[in-house]
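Working through the structure, step by step
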Amino acid sequence: MARHGRLYVISGPAGVGKSEIVKTVLKNHEDVGLSVSCTTRAPRPGEVDGVSYHFVTDERFDQLVAEGAFYEWANVHQHRYGTLRSAVRDGLEQGRDLILEIDVQGCLQVMRQDPEATSIFVCPPSRENLEKRLRDRGTETEESIRVRLGNVAREVATAYHYDYIIVHYDWSEVPDALQIASEQVYDIISTRRLERQSSIEFLDALNQSLNR
Ligand code: 5GP
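Here is what the cut-offs are and how they apply
- Residues numbered from 1 in each chain as written.
- Predicted model: local features only at pLDDT ≥ 70, side-chain atom pairs only at ≥ 80, totals over all residues.
- Heavy atoms only, no water.
- Axes fitted to C-alpha atoms, helices over the stretch in contact; angles between N-to-C directions.
- Helix = DSSP H or I, 4+ residues; strand = E, 2+ residues; numbered from the N terminus.
- Parallel < 35°, antiparallel > 145°, perpendicular 65-115°, else oblique.
- Left-handed = near helix turned anticlockwise from the far one by under 90°.
- Contact = heavy atoms within 4.5 Å.
- Nonpolar A, V, L, I, M, F, W, Y, C, P; charged D, E, K, R; others polar.
- Near = heavy atom within 4 Å.
- Polar contact = N/O pair within 3.5 Å; in protein donor to acceptor, adjacent residues only side chain to side chain.
- Areas by Shrake-Rupley, 256 points an atom, 1.4 Å probe, with all protein chains shown as cover.
- Salt bridge = Lys/Arg side-chain N within 4 Å of Asp/Glu carboxyl O.
- Core = buried A, V, L, I, M, F, W, Y, C linked by side-chain atoms within 4.5 Å.
- Buried < 20%, exposed > 50% of the residue type's maximum accessible area, 1.4 Å probe, protein only.
- Pairing = 2+ DSSP bridges.

Time to look at the packing of helix α5 (residues 127-137) against helix α6 (residues 142-157). A pair of packed helices can be characterised by two numbers: the angle between their axes and the separation between those axes. One way to put it is that α5 packs onto α6 with a least axis distance of 11 Å and a crossing angle of 155°. Taken together, the axes of α5 and α6 are roughly antiparallel relative to one another. Classified by chirality, the crossing of α6 by α5 is right-handed. Residue-level inspection shows Arg127, Leu130, Glu131, Leu134, Arg135 and Arg137 of α5 in contact with α6, the latter providing Glu142, Ile145, Arg148, Leu149 and Val152. Class assignment for the residues of the contact of α5 with α6 results in five nonpolar, no polar and six charged.

Written out as C-alpha cells, the structure reads:
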C-alpha cells in the first residue's frame, strides 16, 4: 500500500535533549527521516555541515528567504533557522515520515500550512534539571545559557498548543529516560499510521474489489 509521509514537529526548550531523542528514533527506525535545517549560527564542536545543519552566512540566508526557499523560518536565540521546502518535499515524496526539530514559532507556521502535521513538545522534569543539563552540555557560554533560560518560560507556555507532550526525565533518576522518550515519539508516529485517514486509499481499493 503506497503511503504518504507525514510531518512531525518536535519542539522543546534548549538543553531538554530533543536532538538526542530524535537521533535515537532515527537510529532505531529507518522508516523515519529528519529534515536538516539551515542556520546562521556557528557550528559547535563535532557538528558536521549538511548533517547537523546546513551552516550558512547571513547573506545566504537572506537570499534563501528572498527566493521563497523556506517552508518556515524564525529567529531563535539571536540566530536564524529555517526548514527548506526541498527537504520537506523530498522526504515526504519518498513516503517517509519526516521529523522537523524546530522551535515553537516554526511549529505554528508548519501547522498553518499543514493541519495534518503532528506536534510534539518535549518538557524537562523541572527548571533545575534543565539548567543543569544546559551547563553539563558545556557547549554554551554563560551569556548563551542566560538567553536560552530566559526563553524557556515563553516556550513552555506554548506547549498547551501541541498535540502531544513528552517529559524527558533525568537519566540519573530514570536510567533509560532517553529510550523511553524516543519510543514514545515512535509510538505517536505508529499510532498515526493506524488512523483511518492513513488507510483511505487501501479501504477504497479493498471495498471496490469486494463489491465487484
Ligand atoms: P540549537 O542552536 O540549539 O541547535 O537550536 C536552537 C533552537 O532552534 C532549537 O529550539 C531548535 O529546535 C530550533 N531550530 C532548529 N532548526 C530550526 C528550523 O529549521 N526552524 C526553526 N523555526 N527552528 C529551528
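In this section: the site of the ligand. Inspection of the region around the ligand gives 17 residues, with Ser37, Arg41, Tyr53, Glu72 and Tyr81 positioned closest. In this structure, Gly82 approaches the ligand through a main-chain N or O atom, which is 3.2 Å from an oxygen atom. At 2.7 Å from a nitrogen atom of the ligand is found a side-chain nitrogen or oxygen belonging to Asp103. When the free accessible area of the ligand is taken as 510 Å², the share hidden by the protein chains comes to 96%. If you list the elements that add at least two residues to the shell around the ligand, you get β5 (70-76) and β6 (79-84). Within the shell around the ligand, the residues separate by chemical class into five nonpolar, five polar and seven charged.

Here we come to the pattern of salt bridges. For the structure on display, the rule yields 14 salt bridges. Salt-bridge contacts for Arg127 lead to Glu131; the nearest nitrogen and oxygen are separated by 3.8 Å. Separated by four residues within a single helix, Arg127 and Glu131 lie in helix α5, roughly one turn from each other. A salt bridge links Glu195 to Arg192, with the nearest nitrogen and oxygen atoms 3.0 Å apart.

Note on soluble globular proteins: their nonpolar side chains tend to be buried together. Ranked by internal contacts, the top residues of the largest apolar core, which has 22 residues, are Ile10, Ile99, Ile120 and Val185. Secondary-structure elements contributing two or more residues to this core are β1 (7-11), α1 (18-28), β8 (118-123), α5, α6 and α7 (177-193). When residues in this core are grouped by element, the largest group, five residues, is from α7.

Turning next to the sheet that holds strand β4 (residues 54-55). Strand order in the open sheet formed by four strands is β4-β3-β6-β5, with mixed pairing between adjacent strands. The open sheet has two edge strands with one neighbour each: β4 and β5. In this structure, strand β3 (residues 38-39) lies alongside β6, joined through two bridges in antiparallel fashion. Across the sheet, Thr39 pairs through a bridge with Tyr81, a residue of β6. Contacting β5 and β6, helix α3 (residues 85-93) crosses the sheet at an angle of about 35° to β6.

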